[in-house]
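# Notes for the structure review
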Amino acid sequence: MSTFSSLLQVLTNPAHLRSLLSFNSKGYLDDIGWFKAFDSKSPVDRDGNPIPWVTYSFIDFIKDRLNKAHTVFEFGSGNSTYFYAKYAGVVVSVEHDKEWFDKIEQSGKKPENSELIYTELVRGGDYCQMPGKLQEKFDIIIVDGRDRVNCCKQAVDALSETGVVVLDDSERADYKEGVDFLVAKGFKHLPFSGISPGLFYRKSTSVFYKPANCLGI
């Protein structure tokens, strides 16, 4: 069901509309800052702090398991960079959007424990290969940018011995090849489904892990 269809279904049902509007001052949607994110058109919590554009269930899961001993690599950058830098020791992000890259670099607000790398987007090229090119091992690799199937494939060799891969929008058919690849490599698949900041549809953010993993799963 599309976002428009979902909203239309609510707006044409008075009981549903009253229930939804009541959450503007109390309840789950207010508690998690969904209205704040919807109004600002950006992923933030109820206090305006940056959070990733992933499912709230995943955010609840990961924020209590990250620590300063963890190194994080993320495909794509933004509010997620600030969020992961708050909890992890090091965050390295690769970004294909030059305008967005320059905006973050010149803002003067980039976390000191983060590094942002600009790379042109060529499918199967340097963008997806970046974690391996750095010749480092990462505890957590977040696949939330472009070329996600190739990013999943390249992530495996850049993981630490206890590393995990996180794939956002893992429910999409376009990314099934990436999901199947990770499962075939021996990773267990743990999806976190639900809504995300300011968005009105169901999606999934998945963690792929092995028995010995850095998140204590």
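All figures in this text were calculated on a predicted structure; none of them were measured in a lab.

Parameters and conventions
Numbers given to residues run from 1 along each chain, matching the order in which its sequence is written. Where local features are concerned, this predicted model is filtered to residues with pLDDT of at least 70; where side-chain atom pairs are given and counted, the filter is 80 or more; whole-chain, interface and lining totals use all residues. The basis for every side-chain value is the complete set of heavy atoms in the structure, and neither hydrogens nor water enter the calculation. A run of H or I in DSSP becomes a helix once it reaches four residues, and a run of E becomes a strand once it reaches two; helices and strands are each numbered from the N terminus. A simple rule labels every residue: compare its accessible area, found with a 1.4 Å probe on the protein chains alone, to the largest value its type can have, and call it buried under 20%, exposed over 50%, or partly exposed in between. Only heavy atoms enter the contact rule, under which two residues are in contact if any of them lie within 4.5 Å. With residues, only the protein chains shown are counted as cover, and all accessible areas are computed by Shrake-Rupley using a 1.4 Å probe. When DSSP finds two or more bridges between a pair of strands, those strands are recorded as paired. Helix axes are fitted only over the stretch in contact, all axes being lines through C-alpha atoms; the angle between N-to-C directions runs from 0 to 180 degrees. The term salt bridge refers to a pairing of a side-chain nitrogen on Lys or Arg with a carboxyl oxygen on Asp or Glu at a separation within 4 Å. Angles below 35 degrees are treated as roughly parallel, those above 145 as roughly antiparallel, those between 65 and 115 as roughly perpendicular, and all remaining angles as oblique. Crossing handedness follows the turn of the near helix against the far one: under a right angle anticlockwise gives a left-handed crossing, and clockwise gives a right-handed one. When residues are grouped by polarity, Ala, Val, Leu, Ile, Met, Phe, Trp, Tyr, Cys and Pro land in nonpolar, Asp, Glu, Lys and Arg in charged, and all others, Gly among them, in polar.

### Concerning the overall build of the protein chain
Scanning the protein chain for helices and strands turns up 10 helices and 7 strands. Burial statistics for the protein chain: of 217 residues in total, 46% are counted as buried. Taking the contacts inside the protein chain whose residues are at least 6 apart along the sequence as the reference set, 53% of them involve residues at least 24 apart. Carbon and sulfur atoms make up 51% of the accessible area of the protein chain, which totals about 11,300 Å².

### Re the sheet that holds strand β5 (residues 159–168)
Taken in spatial order, the 7 strands line up as β3-β2-β1-β4-β5-β7-β6 in an open sheet, and their pairing is mixed. If you trace the sheet from one side to the other, it starts and ends with β3 (114–118) and β6 (188–194), each paired once. Pairwise comparison of adjacent strand axes, ignoring direction, gives a mean angle of 15° for this sheet. Across 5 bridges, the pairing between strand β2 (residues 90–95) and β3 is parallel. Its bridge partner being in β3, Val94 is matched across the sheet by Ile117. Packing of helix α7 (residues 98–107) onto the sheet brings it into contact with β2 and β3, and relative to β3 it is tilted by some 150°.

### Overview of the pattern of salt bridges
Under the defined criterion, the tally for this structure stands at 13 salt bridges. With a closest N to O distance of 3.9 Å, Lys110 and Glu105 form a salt bridge. Residue Asp126 pairs with Lys133 through a salt bridge whose shortest N-O separation is 3.5 Å. Of the residues examined, Asp126 reaches a relative accessible area of 42% and is grouped as partly exposed. On the accessibility criterion, Lys133 (45% relative accessible area) is partly exposed.

### Looking at helix α5 (residues 56–63)
Of the residues making up α5, those classed as buried are Tyr56, Phe58, Ile59, Phe61 and Ile62. The secondary structure elements touched by the buried residues of α5 are α3 (28–31), α4 (34–40), α6 (79–87), β5, β6 and β7 (203–209).

### With respect to the packing of helix α9 (residues 148–155) against helix α10 (residues 176–184)
Viewed as axis vectors pointing N to C, α9 and α10 meet at an angle of 15°, and their least axial separation amounts to 8 Å. Considered as vectors, α9 and α10 are oriented roughly parallel to each other. Considering how the two elements wind past one another, α9 and α10 form a crossing that is right-handed. Where α9 abuts α10, its residues Val149, Cys152 and Lys153 lie against Glu177, Gly178, Phe181 and Leu182. Among the residues forming the contact of α9 with α10, the class breakdown is 4 nonpolar, 1 polar and 2 charged.

### As for the environment of Asp47
Among the structural elements, Asp47 can be located in the loop between α4 and α5. Linking Asp47 and Asp31, residues 16 residues apart in sequence, is a C-alpha distance of 9.8 Å.

Function-wise, these values are silent; they only describe arrangement.
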